[in-house]
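# Notes for the structure review
For reference, the chains in residue letters:
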Amino acid sequence: MERKELLYTGKAKKMYATDQENVLLAEYLNQATALNGVKKDAIEGKGRLNNQITGRIFEYLAAKGISSHYIQELSETEQLVKKVDMYALEVVVRNVSAGSFAKRFGMEEGIDLPFPVLEFYYKNDALNDPFINDAHVKALAVASDEEVAEIKKQALEINAALVEMFKKIGIRLIDFKIEFGKTADGKIILADEISPDTCRLWDIETNEHLDKDIYRRDLGDIIPVYVEVLDRLNKMSK
Ligand code: ADP
Ligand code: UDP
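Model, not experiment: these values are computed from the prediction.

## Considerations on the overall build of the protein chain
If you tally the helices and strands in the protein chain, you get 6 helices and 14 strands. On C-alpha atoms alone, the protein chain measures out to a radius of gyration of 17 Å, which is about the 18 Å that the 2.2 N^0.38 rule sets for 238 residues. Along the longest, intermediate and shortest principal axes, the C-alpha atoms of the protein chain span 50 × 40 × 40 Å. For the protein chain, with 238 residues in total, the buried portion stands at 51%.

As C-alpha cells, then:
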C-alpha cells in the first residue's frame, strides 16, 4: 500500500490518500490539544500509543460484530481505514457525570447516570463544536432522521460493548466521543479514533484518570498512563 498525497491535517492525525481509491492512511501525531486547540503541545510517543490503542479497540469491536472504518495497522503510527464521507457530528455517550455535563448541570463528577446519555455536537472548529439537538441536525442537513436513528442505535451498541471491554481491564468508561461516516456503498460506520484522547477512563479501584484529562487539567504526564491502557488492552482475555 502506497502513501500518496496529504488530504487533511487535523489536531491529532494526518489523513493521506493511498493507491486504493476507497482506502485512506491515518497517521497519528504526537500533538495534544485541548480547549479547541488553544492549549497545544507536542508529546513524544502519543501518536504511537493512540494508533495502537485505537487499533486494539476497533479489532475488539469487529470481533463483537461492530464494523468500523478500521482495516489494519500499517506501522507504529499509521493505520489504513476505509474512506468515508464523514457526518459533521461528534457523538458523545455518557455513563457517568463528568466534564461539560457535570459543569452544565452543576453536578459533581463521578455520579452514575440512570441510562447512557447520548449527545450531539456540531463538528465545526470555527463555531467551537456547539451542542445541537436532533432538530438542528436535520435543519442543518447534517443527517436525515433515518441516519440519526441509525447513528444513535450504533452509538449505544458501541457503548455497551466498550463498557464491557473496559470493565475486563479494570476501567470504568465514564464517557467518550465518536464520529461516523458513510461508505461509498452507503453504509453508516464508526470512523475516526477511540483512545484515551476521546474517552474518559477511570481506574475501577482508585478512580485514577487514565485519559486526556491529565493533560487538559495539568495533572501530570499522559504517556505512562496511555502505556498502561495499551498494556491492559494487550493482556485482555477476549
Ligand atoms: P480533527 O479534525 O478534529 O482535528 P483529527 O486530527 O483526528 O481530528 O483528524 C482526522 C480527521 O479525519 C477528522 O476530521 C475525521 O473526521 C476525519 N476522518 C477520520 N476517519 C476518516 C475516514 N475513514 N474517512 C474520511 N475522513 C476521516
Ligand atoms: N471529547 C472529544 N473531543 C472533543 C470533545 C469531547 O473526544 O472535541 C470527548 C472527551 O474526551 C470526553 C467526552 O467526549 O470523553 C465528553 O467530553 P465533554 O463534553 O465533557 O467535554 P470537555 O469538557 O471534556 O471538553
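## Quick look at the confidence of the model for the protein chain
On average, residues of the protein chain carry a pLDDT of 97, and 100% of them reach 70 or more. Across the protein chain, the secondary-structure element scoring lowest on mean pLDDT is strand β4 (residues 31-34), at 95, and the one scoring highest is strand β9 (residues 89-96), at 99.

## Considering the site of ligand 1
Among the 16 residues in the neighbourhood of ligand 1, the closest are listed as Y8, K11, A12, K13 and K123. Take Y8: an N or O atom from its side chain is 2.6 Å from an oxygen atom of ligand 1. Contacts to ligand 1 include V84, whose backbone N or O atom sits 3.1 Å from a nitrogen atom. Burial of ligand 1 by the surrounding chains reaches 89%, relative to a free accessible area of 550 Å².

## Thoughts on the environment of K138
Locating K138 in the fold gives a position in helix α3 (residues 134-139). Distance from K138 to V148, taken between C-alpha atoms, is 8.6 Å for residues 10 residues apart in sequence. Setting aside its immediate chain neighbours within four residues, K138 contacts A143 and D145.

## Section: the UniProt feature "domain: SAICAR synthetase/ADE2 N-terminal" (unreviewed entry) in the protein chain
According to UniProt, the positions carrying the feature "domain: SAICAR synthetase/ADE2 N-terminal" (unreviewed entry) are residues 7-232. Between the end C-alpha atoms of residues 7-232 there is a gap of 33 Å, over a span that is 31% helix and 35% strand.

## Re the pattern of salt bridges
On inspection of all chains with the given rule, the structure shows 29 salt bridges. Here R104 ties to E119 by a salt bridge, and the two come within 3.9 Å at their closest N and O atoms. Here R104, found in helix α2 (residues 99-104), pairs with E119, found in strand β10 (residues 112-122); they are 15 residues apart in sequence, far enough to count as distant. A relative accessible area of 37% means that R104 is categorised as partly exposed. Note on E119: relative accessible area 5%, which makes it buried.

## Considering unusual backbone geometry
For N207, which is not glycine, the phi dihedral falls at a positive 65 degrees. Checked against the element boundaries, N207 lands in the loop between β14 (199-203) and α5 (213-216). Assessed through its relative accessible area of 39%, N207 is described here as partly exposed. The phi dihedral of D218 is positive, around 50 degrees, even though this residue is not glycine. Within the secondary structure, D218 sits in the loop between α5 and α6 (222-235).

## So, the packing of aromatic side chains
Summed over all chains, the structure comprises 3 aromatic pairs. Ring plane angle 65 degrees and centroid distance 4.9 Å describe the contact between F101 and F105, whose orientation is recorded as edge-to-face. Sitting over the ring of Y16, R3 keeps its end group 3.9 Å from the ring centre.

## Things to note about the pairing of strand β1 (residues 3-9)
Here β1 pairs with strand β2 (residues 13-18) via 4 bridges, running antiparallel. Counted as the bridge partner of R3 is T18 from β2. Hairpin connection, β1 to β2: the antiparallel pair is bridged by 3 residues.

## Focus: the site of ligand 2
Taken together, 14 residues sit near ligand 2, with R94, S100, D175, R200 and R216 positioned nearest. For ligand 2, an oxygen atom lies 2.6 Å from a polar atom in the side chain of S100. Taken together, the elements giving at least two residues each to the shell around ligand 2 come down to β9, α2, β12 (171-182) and β14. Of the residues that constitute the shell around ligand 2, the class distribution is 4 nonpolar, 3 polar and 7 charged.

The rules we used
Residues numbered from 1 in each chain as written. Chains lettered and ligands numbered in written order. Predicted model: local features only at pLDDT ≥ 70, side-chain atom pairs only at ≥ 80, totals over all residues. Heavy atoms only, no water. Helix = DSSP H or I, 4+ residues; strand = E, 2+ residues; numbered from the N terminus. Rg over C-alpha atoms; globule rule 2.2 N^0.38 Å. Buried < 20%, exposed > 50% of the residue type's maximum accessible area, 1.4 Å probe, protein only. pLDDT = per-residue confidence, 0-100. Near = heavy atom within 4 Å. Polar contact = N/O pair within 3.5 Å; in protein donor to acceptor, adjacent residues only side chain to side chain. Areas by Shrake-Rupley, 256 points an atom, 1.4 Å probe, with all protein chains shown as cover. Contact = heavy atoms within 4.5 Å. UniProt positions renumbered as here; feature names shortened; annotations may be inferred. Salt bridge = Lys/Arg side-chain N within 4 Å of Asp/Glu carboxyl O. Phe/Tyr/Trp six-rings, centres within 6.5 Å; stacked < 30°, edge-to-face > 60°. Lys NZ or Arg CZ within 6 Å of the ring centre and 35° of its normal. Pairing = 2+ DSSP bridges. Nonpolar A, V, L, I, M, F, W, Y, C, P; charged D, E, K, R; others polar.

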